[in-house]
Amino acid sequence: MTQAITTQTKASTAYFQALKCKECGAEYELKASNVCELCFGPLEVEYDYNALRLTVTRETIQAGPNSIWRYRPFLPVATDNVIDVGTGMTPLVRSHRLARRLGLNKLYIKNDAVNMPTLSFKDRVVSVALSRARELGFTTVSCASTGNLANSTAAIAAHAGLDCCVFIPADLEAGKIIGSLIYSPTLMAVKGNYDQVNRLCSEVANTHGWGFVNINLRPYYSEGSKTLGFEVAEQLGWELPDHVVAPLASGSLFTKIYKGFQEFIEVGLVENKKVRFSGAQAEGCSPIAQAFKEGRDFIKPVKPNTIAKSLAIGNPADGIYAVELAQKTGGNIESVNDAEIIDGIKLLAETEGIFTETAGGTTVAVLKKLVEAGKIDPDETTVIYITGNGLKTQEAIQGYVGEPLTIDAKLDSFERALERSRTLDRLEWQQVLV
């Protein structure tokens, strides 16, 4: 597995200009780099918003493909040769039963549990990262992952004909391991947690010169999450919501949704509006929530211990930026325990027919917690982000969803089982009422 980096020539339709340090503002060429050489701050893609304002309209966006690439002018890809596997434009579901259960009037669910091709929001960031990787001349791509990113990188690399080697913690759920192996990448299961995997990958990136989507390609990769902001604005009729609740792992998704909203405001696609941002973490890995609650301007790394493995990043790269965003928008960052996460998964499934993985269960549980604490106005237009599919993390709820009623192939056996089922349902409701 080898690769070479070639000189990139920007097409006339590319609007990204430079990589800029979020801390000191130093600018760099559009290469494979993610850290400022002066202050070691993270690099972010800068755009020519004046040119975008003169070029992009609601009509030009709506005339584009039914995928994230309808927003291509806002993404860091220089040519029309993008990797489009139908990623994006997932449903924005108006919630009725969950909203009624929680006492909310305007609740929406952005459902990336059905995103293509691997059923998580990671397909967005990987489509962008690999499109840019190919422009930069990489032929081998890789990632450090808690599962979903490995699935997505392996799948989209296979589609694009790129060599792929992905790294995961060895204790991941079977669905996520198989969900990577099926695409025939080289899969490295590392004995350690995600933060240890990530450190190893940084060494590999420096040694082998591969394109790691969430390391040396991270500035481009993270821009893909903006499409979750773009789509919600468009699906709400070119309006912004009042409140967003999203899961927090590295913190990147959270901050990029905000950036997407701000870019649409900047170029005149939506009216300026303050949107509150609230984040959701699992108690067993909640360094961002802890920093928010304690009013700290730094993150204390933790050792993950939670069923929400897709959120189990103990030293989140964008954690402090997530804290700042929640503070400045009047939002909150809360954490919930594993039992509450399981209840969140079940609550979303039984009210809206959406089976989410543990990250989504965390988001629903935190939404419930915020409502009960009076931190969400019932009349706010609230959007929660469901970022992955429950079929990938079935182990988390095994033993908590009941068992099938096994019957003989006879009517009387069915009737006895049906009555037993109804009796059990009545007993459960009585317990709830008590």
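Fair warning: this is a prediction, and the values are worked out from it, not measured in the lab. In this convention, every chain numbers its residues from 1, walking through the sequence in written order. Totals for whole chains, interfaces and linings use all residues, but because this is a predicted model, local features are given only for residues with pLDDT of at least 70 and pairs of side-chain atoms are given and counted only at 80 or more. Water and hydrogen atoms play no part in the side-chain values, which are based on all heavy atoms of the structure.

**Describing the side chain of R276**
Then comes step 1: Runs of H or I in DSSP of at least four residues are treated as helices and runs of E of at least two as strands, each being numbered from the N terminus. With respect to the element layout, R276 can be found in strand β11 (residues 276-282).
Then comes step 2: Within polar-contact distance, the side chain of R276 engages the side chain of E380 at 3.0 Å.
Then comes step 3: What R276 contacts, discounting residues up to four positions off in sequence, is D242, H243, V244, T329, G330, G331, N332, K375, I376, D377 and E380. Here a polar contact is recorded for every N or O atom pair within 3.5 Å, except that within protein the pair must consist of a potential hydrogen donor and a potential acceptor, and residues adjacent in sequence are included only if both atoms are side-chain atoms. Whether two residues touch is decided by their heavy atoms; if any such pair falls within 4.5 Å, the residues are in contact.

**A few points about the nonpolar core**
Then comes step 1: Remark: nonpolar core denotes a set of buried residues (Ala, Val, Leu, Ile, Met, Phe, Trp, Tyr, Cys) joined through side-chain atoms within 4.5 Å. Buried means the residue's accessible area, taken with a 1.4 Å probe over protein chains only, is under 20% of the maximum for its type, while exposed means over 50%, and partly exposed covers the values in between. Formed by 84 residues in total, the largest nonpolar core has its most connected members in F74, L130, F264 and Y385.
Then comes step 2: Ignoring anything within four residues of it in the chain, the contact list for F74 reads Y47, L52, V56, I61, E223, K226, F230, E263, F264, V267 and L269.
Then comes step 3: A99, L348, L367 and I397 belong to the second largest nonpolar core, which has 44 residues in total.

**What about a nonpolar patch on the surface?**
Then comes step 1: Together, L405, I407, L411 and F414 give the surface a local cluster of nonpolar side chains, amounting to about 370 Å² of exposed area.
Then comes step 2: Inspection of the secondary structure puts I407 in the loop between β13 (381-386) and α15 (411-433). Candidate patch residues must exceed 30% relative accessible area and have no salt bridge, after which like charges are joined if within 9 Å and Val, Leu, Ile, Met, Phe, Trp or Tyr side chains if within 5 Å. Only the protein chains shown count as cover for residues, with accessible areas throughout obtained via the Shrake-Rupley method and a probe of 1.4 Å. A pairing counts as a salt bridge when a side-chain nitrogen of Lys or Arg comes within 4 Å of a carboxyl oxygen of Asp or Glu.

**Regarding the UniProt feature "domain: Tryptophan synthase beta chain-like PALP" (unreviewed entry) in the protein chain**
Then comes step 1: UniProt positions are given in the numbering used here, feature names are shortened, and annotations may be inferred rather than shown by experiment. Within this structure's numbering, the places UniProt gives as "domain: Tryptophan synthase beta chain-like PALP" (unreviewed entry) are residues 86-388.
Then comes step 2: Taken end to end, residues 86-388 is 45% helix and 17% strand, and its two terminal C-alpha atoms sit 16 Å from one another.

**Details of the packing of helix α9 (residues 226-235) against helix α10 (residues 252-266)**
Then comes step 1: Between α9 and α10, whose axes approach to 6 Å, the crossing angle comes to 50°. The angle between α9 and α10 places the two elements in the oblique class. Crossing angle aside, the handedness with which α9 passes α10 is right-handed. Two secondary-structure elements touch here, α9 through K226, L228, G229, F230 and A233 and α10 through L253, K256, I257, K259, G260, F261, E263 and F264.
Then comes step 2: Residue polarity follows a fixed list, in which Ala, Val, Leu, Ile, Met, Phe, Trp, Tyr, Cys and Pro are nonpolar, Asp, Glu, Lys and Arg are charged, and the others, Gly among them, are polar. Residue classes in the contact of α9 with α10 are distributed as seven nonpolar, two polar and four charged. Axis geometry follows a simple rule: fit a line to the C-alpha atoms, using only the stretch in contact for helices, then measure angles between N-to-C directions, giving values from 0 to 180 degrees. Comment on the angle field: the value is read as roughly parallel under 35 degrees, roughly antiparallel over 145, roughly perpendicular from 65 to 115, and oblique elsewhere. Left-handed describes a crossing whose near helix is turned anticlockwise from the far helix through less than a right angle; right-handed describes the clockwise counterpart.

**Notes on the pattern of salt bridges**
Then comes step 1: Scanning the model with the defined rule gives 26 salt bridges in all.
Then comes step 2: Residue E44 is joined to K259 by a salt bridge in which the shortest nitrogen-to-oxygen separation is 3.8 Å. Taken as a pair, E44 in strand β3 (residues 43-47) and K259 in helix α10 lie far apart in primary sequence, 215 residues in all.
Then comes step 3: Here R70 makes a salt bridge to E234, at a shortest N to O gap of 2.7 Å. Here R70, found in the loop between α2 (58-62) and β4 (92-94), pairs with E234, found in helix α9; they are 164 residues apart in sequence, far enough to count as distant. Here R70 and E234 have matching classes, each one buried.
Then comes step 4: The structure contains a network of salt bridges with shared partners spanning E44, E223, K226, K256, K259 and E263.

**Some remarks on the sheet that holds strand β10 (residues 243-247)**
What links the strands of a sheet is backbone hydrogen bonding, and the strands pair in either a parallel or an antiparallel sense.
Then comes step 1: Any two strands are treated as partners once DSSP identifies two or more bridges connecting them. One open sheet holds the six strands; their spatial order is β4-β5-β13-β10-β11-β12, and the pairing between them is mixed. The open sheet has two free edges, formed respectively by β4 and β12 (333-336), since each of these has just one partner strand. Put simply, the sheet's adjacent strands are angled 25° from each other on average, direction ignored.
Then comes step 2: Pairing of β10 with β13 involves three bridges; the strand directions are parallel. Pairing of V245 across the sheet is with I384, part of β13.
Then comes step 3: In the packing of α10 onto the sheet, contacts are made with β10, β11 and β13, and the angle to β11 comes to roughly 165°.

**Observations regarding the side chain of T90**
Then comes step 1: Structurally, T90 can be placed in the loop between α2 and β4.
Then comes step 2: Looking at T90, the relative accessible area reads 3%, which means it is buried.
Then comes step 3: Only 3.2 Å separates the side chain of T90 from the side chain of R124, close enough to count as a polar contact.
Then comes step 4: Apart from residues lying up to four places away in sequence, T90 is in contact with K110, N111, D112, V114, N115, R124, E231 and Q235.

**Comments concerning the state of the cysteines**
Then comes step 1: Only a pair of cysteine sulfur atoms within 2.5 Å counts as a disulfide in this structure description. Tallied over the entire structure, the rule returns zero disulfides.
Then comes step 2: Take C24: it sits in no disulfide, and the sulfur closest to it among the cysteines is that of C36, at 3.6 Å.
Then comes step 3: What makes C24 partly exposed here is its relative accessible area of 42%.
Then comes step 4: C143 provides the cysteine sulfur closest to C164, a residue in no disulfide bond, and the two sulfurs are 6.6 Å apart.

**Brief notes about the sheet that holds strand β1 (residues 16-21)**
Then comes step 1: Spatially, three strands are ordered β2-β1-β3 in an open sheet, and the strand pairing comes out antiparallel. Because the sheet does not close on itself, it has two edges, and the strands there are β2 (27-28) and β3.
Then comes step 2: In this sheet, β3 lies alongside β1 in antiparallel orientation, the contact comprising five bridges. Paired with F16 across the two strands is Y47, which belongs to β3.

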